[in-house]
Amino acid sequence: MSTSTPALGADRRVSHGLARALRSPSLRLIGRRLAAAIPVLWGVTLLTFLVLNIMPGSAAQQLLGADATPEQVRQLEAELNLDQPAWVRYWEWLQGVVTGDLGNSIASGQPVTTIIGQRLPVSVELVLCAIIVSLAFTVPLALMAARRPNGIVDRLSMVLSMTGLSIANYVFALVLVVVFAVIFPVLPAIGFVPLSDGLLGNLRSLILPAIAIGFPLFCFYTRFLRGDLVEQMRGEDYVVTAKAKGVGPWRVLIRHAFRNSLFGLLTIVGLNLGTLIGATVIIEQIFALPGIGQELLQAINNRDAVVVQAIVLLLAVVVVVANLITDLLYAVLDPRIRYGQRSA
Amino acid sequence: MRSRAKLAGLALVAASSLLVAACGGGGATDTEGSGSGKPQRGGSLTVLEGAGYAGAWPTGLDPATNTTGGANQSQMNAIFGRLFKLGEGGKIVPSLASGYDISEDGKTAKIEIRPGVEFQDGTPFDAETVAWHFQRVVDSPCNCSPSRYWRLEKKNGITTEGDDTVVLHFTVPSGAVISQLLSSNANWVASRTALEKMGEKKFKITPVGAGPFKVVSNKLSSELALERNPTYYEKGKPYLDRLIFKTIGSEQAAYQALQAGQGQAYEGMNITPLIEQARKNPQLTVTQQPATSPYVIQLNTKVAPFDDKRAREAIYYATDTNAIREGLFNNWYPVSQSFTAPGGKFHHASVPGYRTYDLEKAKALVQELGGLEVTLGTLDAYVANQVNEALQSQWEKAGIKTTIRSWQLATLIKEFDSGKWQSMLQTAGAWDPAAGVSVDFRFASTSPYTGVWDPKLDKLLLDAAATVDESERDRLYTEAAKYISDQAYAPFMFAFAPQNVAVKGVQGPGLTTPISSLLVGPAIWWEDVWRSE
């Protein structure tokens, strides 16, 4: 008896803790969001499949090229199992996905998980670098611009932002290569150096692509953050109070206004993740980076439905999860926000 | 809004100026290439390949399952070597084979295998393996499979005689068998032992052949890294230690990468302003390869308006090929009046009675027809789109209303399938008219991509492909060209010649010296490519 009592108490504490955790508003939010994501993700796969099937030409035709005879196309379609009805192929693929099997590429026969495993790290690194590049320059420039609206820094930042927003990222990428790889050959024009071959080489291979993707975002974020900061500094009561208390302007800007503006910035960064991932498709082509964007484009060209569906599904999951994380970060950044609490 | 537009404009102007300034050069034009000097051993070479064609190998590199083998001939040649290769002046050079013999009736071809050769895995390169390989590629779905030309006997179509001879037995005479072998995946022999050991799935990623380079790593349609095969049969070759094929998204990006030293060669540059810049750039060598495939305006003779010979003649007379060559392509590409070109076999500069540009005759014919409205299509590609736009404006002058359409591959094929298309800008013919995208492909009744259904022409083309005697083949193809011209079946324009770009110091046959194109571009001899530093 004496030995079982503490064990029972521990069990009770664990189950009690679990029950409390399950009642946690944040966990419930996660649960609700994930449940809502299931039909969204299914819809994405169905839409992708439908679009791929509406597009003229089969994978066999694409793979064989313009010179193939109809007999050759039929032969390859049979070999690739493409002579089955579309819904049968989709159903089989969907069943596989539910059990964790994304299938094999129609073109190469390689497991899609292997292909994604090879390509994803490159794109993840690229996207992270692009976010870092964009935010690292956004925050200081927006703060300096907001400190003196219409001052020289503000005007310069506006010129820079407008330039960045006006120029297509693929044109900007080519300009970057000309300047930093051809005229001043300090960075590589193409190619990817894996992290395993050295951090410096790896970063060098990603600097130009990350700037090409990150610069337009930096321009957008800077304008957004600067505008928000200026608004807060002009009209918000807490700013007036802080100033009345004798807090210095930089301190008001950074400690008070910037903290509030972070929510907006965070939302924009989260919402722009899809745009960011979309940009990698073009930029990976230009810089010959073996990432997921390059694979997606090739798979679309080859009508490799299995690979396209898997990659689109993966990207949709990333966007859904990123938005969820953004929501949760609100609560971390602002103690006033607690999910599940009723507003007063 | 106004200031924003101005800023955008300024940004683009600045970007364009930078690009032009950086891409321009002031050096002398070098279109001859440079094949001089004593080859040196060692070094690494990165070859950039366009993502839309040579840089795409989505189905791997097994000769029997690589459906895009024709586009990937560089990668395939480097790994597997070749039984025969095409040399300068259109000479067939035995390589892994040592020779061939075709029987007088054209129904038997004996291919001698070079003795003592080994695959990269150390297994013997013998007749039995070559025969096994032939059978495998004949059954393959690649559009470069020899099955599209070879009519082999059902039983014992491929046999061996001893260790060094493979015999092909045909049901019909096949005089062009070696030309067809050159343009097909039969020319790339895979190691049977390696394939059976690895299985097809692994073999297509890391294939084993008897070529000058071995596979180190292969990321499909992205990067293929090869290293020197020390057991290659030609002593001292290949010269390079490493050969890397890298896929690149655009010609502009490829050009910049060459300038930045991240690549040393680019195959098949198309875009005229870039070629002009590259030719002026003292760091680069641009080599225009001998043209073999002429552009042809296919006319669908089964449907209106081109079921009427007068409408076809009007197109002949309204087409000013020289103006297009000069205006769009700096006269780089030679005029062709038939399905042959200066870099290929059986070429003759002119076809007697060929209808050349004559605007007045074109106008008169259009008037006689009571007007002419046509749709002109093509596969969406830089050169073809440029030509079609020029044709539209030329034909307009003759009173021909033209709607131009540019299709993706799948839609183009659908158009052909529908049978309702009117005219298409395509390429026809190859180094040997009976191989590659052969003349039959565009003109034989049996082809799904023909615009002509004429038994007389069918017979001429069949006989020309079957005949062993080369002078007789020449006579038959000349007759076929004259017949096509007389019937005004399809006007030919100019033969596109691919241009290979290499950085100075890189040299090799097909890269910096001319070799006729077997398919779209020439098959470069990678084992002979070397760097001078």
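Residues numbered from 1 in each chain as written. Chains lettered and ligands numbered in written order. Predicted model: local features only at pLDDT ≥ 70, side-chain atom pairs only at ≥ 80, totals over all residues. Heavy atoms only, no water.

Participant: Provide a residue-level description of the overall build of chain B, including the pertinent values.
Facilitator: Each helix and strand counted, chain B has 16 helices and 20 strands in total. The C-alpha atoms of chain B give a radius of gyration of 24 Å, which matches the 24 Å a tight globule of 533 residues would have. If one aligns the C-alpha atoms of chain B with their principal axes, the spans along those axes are about 70 × 70 × 40 Å. Expressed as a percentage of its 533 residues, the buried residues of chain B come to 61%. A separation threshold of at least 6 residues defines the contact pool for chain B, and within that pool the share at least 24 residues apart is 70%. (Helix = DSSP H or I, 4+ residues; strand = E, 2+ residues; numbered from the N terminus. Rg over C-alpha atoms; globule rule 2.2 N^0.38 Å. Buried < 20%, exposed > 50% of the residue type's maximum accessible area, 1.4 Å probe, protein only. Contact = heavy atoms within 4.5 Å.)

Participant: Could you give me a rundown of the sheet that holds strand S13 (residues 293-299) of chain B, with the residues and numbers involved?
Facilitator: In a beta sheet, neighbouring strands pair by backbone hydrogen bonds and run either parallel or antiparallel. All names here are of chain B. With respect to topology, five strands assemble into an open sheet ordered S15-S14-S16-S13-S17, the strand pairing being mixed. At either margin of the open sheet sits one strand with a lone partner, and together these are strand S15 (400-407) and strand S17 (492-496). For this sheet the average axis-to-axis angle between neighbouring strands, irrespective of direction, equals 25°. Note that strand S14 (residues 372-379) and strand S16 (residues 423-427) share three bridges and pair parallel. Along S16, the bridge assignment pairs glycine 377 with methionine 424. (Pairing = 2+ DSSP bridges. Axes fitted to C-alpha atoms, helices over the stretch in contact; angles between N-to-C directions.)

Participant: Please set out unusual backbone geometry residue by residue, giving values where relevant.
Facilitator: Note on backbone geometry: most residues besides glycine have negative phi, and most peptide bonds are trans. All names here are of chain B. In the segment running from lysine 237 into proline 238, the intervening peptide bond is cis, with an omega of 0°. Looking at where proline 238 falls in the secondary structure, it is placed in the loop between strand S9 (223-228) and strand S10 (242-248). Between alanine 304 and the following residue, proline 305, the backbone shows a cis peptide bond with an omega angle of 0°. Along the chain, proline 305 turns up in the loop between S13 and helix H9 (309-318). The phi torsion at serine 221 lies on the positive side, around 55°, for a residue other than glycine. Given the relative accessible area of 3%, serine 221 is considered buried. Positive phi is not limited to glycine here, since alanine 488 has a value of about 50°.

Participant: Lay out the sheet that holds strand S8 (residues 213-219) of chain B in plain terms, naming residues and giving numbers.
Facilitator: Residues and elements named next belong to chain B. The seven strands lie next to each other as S8-S9-S10-S1-S11-S18-S12, forming an open sheet whose pairing is mixed. Both edges of this open sheet fall to S8 and strand S12 (284-288), since each of them pairs with a single strand only. The average undirected angle you get between the axes of adjacent strands in this sheet is 20°. In this structure, S8 lies alongside S9, joined through six bridges in antiparallel fashion. Bridge assignment links lysine 219 to a residue of S9, and that residue is glutamate 223.

Participant: Give a detailed account of a nonpolar patch on the surface, specifying residues and quantitative values.
Facilitator: Nonpolar side chains collect at one region of the surface, where Val317, Val321, Ile325, Leu329 and Val332 of chain A lie side by side and expose about 380 Å² of accessible area between them. Here isoleucine 325 of chain A is to be found in helix H14 (residues 305-333). (Patch = residues over 30% accessible without salt bridge, like charges linked within 9 Å, V, L, I, M, F, W, Y side chains within 5 Å. Areas by Shrake-Rupley, 256 points an atom, 1.4 Å probe, with all protein chains shown as cover. Salt bridge = Lys/Arg side-chain N within 4 Å of Asp/Glu carboxyl O.)

Participant: Before we move on, can you summarise the domain arrangement of chain B with the specific residues and values?
Facilitator: Residues and elements named next belong to chain B. By the assigned domains, chain B splits into domain 1 (63-197) and domain 2 (293-496). Each of domain 1 and domain 2 has a C-alpha centre, and these two points are 32 Å apart. Counting each side, the surface lost to burial between domain 1 and domain 2 is near 960 Å², with a carbon and sulfur contribution of 59%. Linking domain 1 with domain 2 are zero salt bridges. Summed over the shared surface of domain 1 and domain 2, the result is five residue pairs in polar contact (both at pLDDT 80 or more). It is helix H4 (residues 177-182) that provides the largest number of residues to the side of domain 1 that touches domain 2, a total of three residues. Residues of the side of domain 1 that touches domain 2, tallied by class, amount to seven nonpolar, eight polar and three charged. (Domains from an automatic or database assignment. Buried area = accessible area lost by both parts, 1.4 Å probe. Polar contact = N/O pair within 3.5 Å; in protein donor to acceptor, adjacent residues only side chain to side chain. Nonpolar A, V, L, I, M, F, W, Y, C, P; charged D, E, K, R; others polar.)

Participant: Provide a residue-level description of the packing of aromatic side chains, including the pertinent values.
Facilitator: Residues and elements named next belong to chain B. Scanning all chains against the criterion turns up 26 aromatic pairs over all chains. Ring plane angle 85° and centroid distance 5.5 Å describe the contact between phenylalanine 245 and tryptophan 526, whose orientation is recorded as edge-to-face. Of this pair, phenylalanine 245 sits in strand S10 while tryptophan 526 is found in the loop between strand S19 (506-507) and strand S20 (530-531), placing the two residues 281 residues apart along the sequence. Just as phenylalanine 245 is buried, tryptophan 526 falls in that class too. (Phe/Tyr/Trp six-rings, centres within 6.5 Å; stacked < 30°, edge-to-face > 60°.)

Participant: Any chance you could break down the interface of chain A and chain B for me, citing the residues and the numbers?
Facilitator: Each side of the interface is counted separately: chain A has 48 residues, and chain B has 48 residues. For the pair chain A and chain B, the summed buried area comes to about 4,100 Å², and 66% of that belongs to carbon and sulfur atoms. At the boundary of chain A with chain B, the tally comes to seven residue pairs in polar contact (both at pLDDT 80 or more). Of all elements in the fold, only helix H3 (59-64), helix H4 (70-79), helix H7 (152-166), helix H8 (169-183), helix H12 (273-286) and helix H13 (292-301) of chain A reach the threshold of two or more residues within the side of chain A that touches chain B.

Participant: I'd like a rundown of the side chain of asparagine 66 of chain B, residues and numbers included.
Facilitator: Residue and element names in this part refer to chain B. Secondary-structure assignment places asparagine 66 in the loop between strand S1 (44-50) and helix H2 (73-80). Reaching out from asparagine 66, the side chain makes a polar contact with the backbone nitrogen of threonine 68 at a distance of 2.9 Å. Ignoring anything within four residues of it in the chain, the contact list for asparagine 66 reads Thr59, Gly60, Leu61, Asn72, Met76, Cys142 and Cys144.

Participant: A description of the pattern of salt bridges should follow, citing residues and the corresponding values.
Facilitator: All names here are of chain B. All chains considered together, the criterion is met by 25 salt bridges over all chains. Across the pair arginine 473 and glutamate 470 runs a salt bridge, and its minimum N-O distance is 3.6 Å. Highlighted residues: arginine 473 and glutamate 470, both in helix H16 (residues 470-486), separated by three residues, approximately one helical turn. A relative accessible area of 0% means that arginine 473 is categorised as buried. Judged by relative accessible area, which is 36%, glutamate 470 ranks as partly exposed. Across the pair lysine 482 and aspartate 486 runs a salt bridge, and its minimum N-O distance is 2.9 Å. Of this pair, lysine 482 and aspartate 486 both sit in helix H16, four residues apart, roughly one helical turn. Residue aspartate 486 is classed as partly exposed on the basis of its relative accessible area, which comes to 28%. What you see here is one network of salt bridges that share partners, running through Arg82, Lys85, Glu234, Lys237, Glu527 and Asp528.

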